[in-house]
Amino acid sequence: MEEARIKTFPVKPKLKTKPRTQQQTPESKYWSSFKTQQIPKQFPIHSIDYSPTPPHSFVLANSTTLHIFNSKTLSETSQITFKDTVSCVSFRNDARLIAASDLSGLVQVFDFNERRRIRHLQSHTRPVRFVHYPRHDKLHLVSGGDDALVKYWDVAEAKVIHQFNGHKDYVRCGHSSPVNSDTFVTGSYDHLVKLWDVRVRDSSKSAMDINHGCPVEDVVFLPSGGMIATAGGNSVKLWDVIGGGKLLYSMESHNKTVTSICVGRIGKDSVDESNQYRIMSVGLDGYFKVFDYGSMKVTHSMRFPAPLVSLGYSPDCLTRVIGTSNGMIYASKRKVKVDENEKGIVASEGSSIWRIRPLESTEKKVLKTTDFRYFQRGQGEKPSEGDYLVMRPKKVKLTAHDKLLNKFRHGDALVCVLEGKNPGHVVAVMEELVSRKKLLRCVSDLDLEKLELLLAFLHKYCTVPKYSSLLMGLANKVIEMRADDIRASETLKKHIRNLKSTVEAEIRIQQSLQEIQGIISPLLRIAGRR
């Protein structure tokens, strides 16, 4: 019977269940197709704008420099420097001119192709926070800043045509109507979004006022021109401009302040997709959100490891750029399926004759130490096929007594844990020494000072239930082996007396518990019969 009880049977371990992953929607697949590349800079990225004409280069405002990037290679092509921090940048609709504002109150216009400064627009007395070219106007410019003024410029003559002074706090953002070049909106820290019409001569009277409810960080017109989206606090709100500024929806999925929003089209693969627009937003919580204002729901969300402050999306739907407060740029490019025409096979219209277009070389250029991009590689850079990878093994951090045990310094290991005063470590080392048959040898080699540490430990923990099975037997062996040393030392005698009194007290407690158990057991049996 005893052998049958002792016999054990191996149990097959249960297989781990597969984690349940939410099925990815077509929308999530689309946004996940953007492959992100990190471009490090030193200062926050205040503004991002894309060229409206192919190849859709984009410009970043970083500290006192405008960085111009190629959207196909995501590599920096040139720079434009300022005397003060650049706050905003905007392309003209033909991409021949670019306007930028800085914190000195100056607005400058550049020839984008030649990188040549052609206009200085000086009228603001405080930092200029936004500058914007109207969608269908090549001659005028809108700017606003910390002086709470909105100015409408004649770029050719470098003078202010209209000055709008309806805001009562810093003007932080603005956007022009996609259907009418005479109207635009501005957002301010006074919680108001104002719709302006340059045909109205009253400088303090706006065509419409909308109260967002908190400081406005960004505002954009939707493609139809009849609605606007405003960002402020942790919400993005949709407003019906044609309906008199009626609030349509408030998207509050961000946890912190929403810093930038933009409107972009989904894909270019089919007619149905190309007519779908989304509102994209970024915030200080590090989240990038995609909002479908047709169904009024968030369709995609992505987390980045830093607060996000700026956002840009290319008109051809192929690249997306996000700027952070710590200077890191997350530039993403979407992989597009190559059709037959792009592969090189072209059919002439009205005939069955096919001709083969010569293929361009698709080999990736190998970076050399003489290239500028070689030193701009980030941690996300993947190794090429010819690279030799050196894998570093994870370094295991060992405690001092583990290092001593590895060196077979058993006595030093025992003394080390006794000085550490961690009972779990001490018992673990003692059990290891027992398995190595070295514990009694170490005890016999201890000097009087170290023996005092051992007796103090035994006095304190020998009656602890989880340690007592080992420590009580060890205490008997210590007294037996070191009896002569204990008789010669008063300090050791004191520890032995303390150990004896502790053991006697534990014995009395155990006897009292046994008496109580003897009284309770019959009562429990009687109660069980009833």
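Residues numbered from 1 in each chain as written. Predicted model: local features only at pLDDT ≥ 70, side-chain atom pairs only at ≥ 80, totals over all residues. Heavy atoms only, no water.

J.: Explain the overall build of the protein chain here, please?
T.: What the protein chain contains, in helices and strands, is twelve helices and 30 strands. Burial statistics for the protein chain: of 530 residues in total, 43% are counted as buried. In the protein chain, the share of contacts with a sequence separation of at least 24, taken over all contacts with a separation of at least 6, comes to 45%. For the protein chain, the computed accessible surface area is about 31800 Å², with 52% contributed by carbon and sulfur atoms. (Helix = DSSP H or I, 4+ residues; strand = E, 2+ residues; numbered from the N terminus. Buried < 20%, exposed > 50% of the residue type's maximum accessible area, 1.4 Å probe, protein only. Contact = heavy atoms within 4.5 Å. Areas by Shrake-Rupley, 256 points an atom, 1.4 Å probe, with all protein chains shown as cover.)

J.: Sorry, what's going on with the state of the cysteines here?
T.: Simply put, the disulfide is a covalent bond whose two ends are the sulfur atoms of two cysteines. Counted according to the given criterion, the structure contains zero disulfides. Counting only cysteine sulfurs, Cys88 is the nearest neighbor of Cys173, a cysteine outside any disulfide, at a range of 9.7 Å. Residue classification places Cys173 among the buried positions, given a relative accessible area of 3%. (Disulfide = S-S within 2.5 Å.)

J.: What's the story with the packing of helix H6 (residues 410-420) against helix H7 (residues 423-435) in this structure? I'm lost.
T.: Angle between the axes and distance between the axes are the two parameters that describe a pair of packed helices. It is the contact of H6 with H7, at a shortest axis distance of 9 Å, that shows an interaxial angle of 160°. In this view, H6 runs roughly antiparallel relative to H7, as classed from their interaxial angle. Remark: the crossing between H6 and H7 carries left-handed chirality. On H7, the residues touching His410, Ala413, Leu414, Val417 and Leu418 of H6 are His425, Val426, Val429, Met430 and Leu433. Classifying every residue of the contact of H6 with H7 gives eight nonpolar, two polar and no charged. (Axes fitted to C-alpha atoms, helices over the stretch in contact; angles between N-to-C directions. Parallel < 35°, antiparallel > 145°, perpendicular 65-115°, else oblique. Left-handed = near helix turned anticlockwise from the far one by under 90°. Nonpolar A, V, L, I, M, F, W, Y, C, P; charged D, E, K, R; others polar.)

J.: I keep staring at the pattern of salt bridges and nothing clicks. Help me out?
T.: Where charged atoms of side chains with opposite charge meet at close range, the side chains can pair. Considering all chains together, one arrives at 20 salt bridges under this definition. With its nearest N and O atoms 3.4 Å apart, the salt bridge here joins Arg278 to Asp292. Here Arg278, found in strand E23 (residues 277-283), pairs with Asp292, found in strand E24 (residues 287-292); they are 14 residues apart in sequence, far enough to count as distant. Residue classification places Arg278 among the buried residues on the basis of a relative accessible area of 5%. Look at Asp292 and you get buried, because its relative accessible area is 13%. In this structure, a network of salt bridges that share partners links the residues Glu27, Arg278 and Asp292. (Salt bridge = Lys/Arg side-chain N within 4 Å of Asp/Glu carboxyl O.)

J.: Quick question: what am I supposed to make of helix H9 (residues 448-461) here?
T.: Residue pairs three or four apart in sequence face the same way in an α-helix, which turns once every 3.6 residues. Between its terminal C-alpha atoms H9 stretches 20 Å, which fits the 20 Å expected from 14 residues at 1.5 Å a residue. Of all the positions in H9, only Lys450, Leu451, Leu454, Leu455, Phe457, Leu458 and Tyr461 are classed as buried. Angularly, the buried residues of H9 cover 160° about the axis, an arc narrow enough to put them on a single face. Opposite its buried face, H9 presents the exposed residues Glu449 and Lys460, each directed more than 90 degrees away. Looking at the buried side of H9, the elements it contacts are H6, H7, helix H8 (439-445), helix H10 (465-481) and helix H12 (490-529). (Expected span 1.5 Å × (residues − 1). Arc of directions from axis to C-beta.)

J.: Looking at this model, I keep getting lost on the packing of aromatic side chains. Mind explaining?
T.: Note on aromatic pairs: each is described by the distance of the centres and the angle between the planes. If you walk through the whole model with that rule in mind, you get 18 aromatic pairs. Measuring from centroid to centroid gives 5.8 Å for Trp31 and Tyr313, while their planes differ by 50°, and the two rings are tilted. Taken together, the residues span a long stretch of sequence, with Trp31 in helix H2 (residues 26-32) and Tyr313 in strand E26 (residues 308-313) at a distance of 282 residues. Given a relative accessible area of 1%, Trp31 falls into the buried group. (Phe/Tyr/Trp six-rings, centres within 6.5 Å; stacked < 30°, edge-to-face > 60°.)

J.: It is not clear to me how the packing of H7 against H10 should be interpreted in this structure. Could you clarify?
T.: Where H7 contacts H10, the two axes come as close as 11 Å, and the packing angle between them is 65°. By crossing handedness, the relation of H7 to H10 is classed as left-handed. Together, Pro423, Gly424, Val427, Met430, Glu431 and Val434 of H7 and Tyr467, Leu470, Leu471 and Leu474 of H10 make up the contact between the two elements.

J.: What's the story with a nonpolar patch on the surface in this structure? I'm lost.
T.: The grouping of Ile509, Leu513, Ile516, Ile519, Ile520, Leu523, Leu524 and Ile526 at the surface amounts to a nonpolar patch, some 760 Å² of accessible area in total. If you trace the backbone, Ile509 turns up in helix H12. (Patch = residues over 30% accessible without salt bridge, like charges linked within 9 Å, V, L, I, M, F, W, Y side chains within 5 Å.)

J.: I would appreciate a short explanation of the environment of Phe372 in the present structure.
T.: Relative to the elements of secondary structure, Phe372 occurs in the loop between strand E30 (354-356) and helix H5 (400-406). Distance in space between the C-alpha atoms of Phe372 and Glu76 is 9.3 Å, their sequence separation being 296 residues.

J.: What should I look at first to understand the sheet that holds strand E15 (residues 183-188) in this one?
T.: Two orientations exist for strands paired in a sheet by backbone hydrogen bonds: parallel and antiparallel. Judged by pairing direction, the sheet is antiparallel, and its four strands sit side by side in the order E14-E15-E16-E17 without closing on themselves. Pairing within the sheet leaves two strands with one partner each, and these edge strands are strand E14 (171-176) and strand E17 (208-211). Here the strands of the sheet are splayed against their neighbours by 20° on average, with no regard to which way each runs. Taken together, the five bridges between E14 and E15 define a ladder with antiparallel strand orientation. (Pairing = 2+ DSSP bridges.)

J.: Help me out: how do you make sense of unusual backbone geometry in this one?
T.: In terms of backbone geometry, most residues other than glycine have negative phi values and most peptide bonds are trans. A cis amide bond links Pro54 to the next residue, Pro55, at an omega of 5°. We note that Ser63 has phi near 55°; this positive angle belongs to a residue other than glycine. Positive phi is not limited to glycine here, since Arg115 has a value of about 55°. Examined against the element boundaries, Arg115 turns out to sit in the loop between strand E8 (106-111) and strand E9 (116-122). Relative accessible area serves as the criterion here: at 29%, Arg115 is assigned to the partly exposed category.

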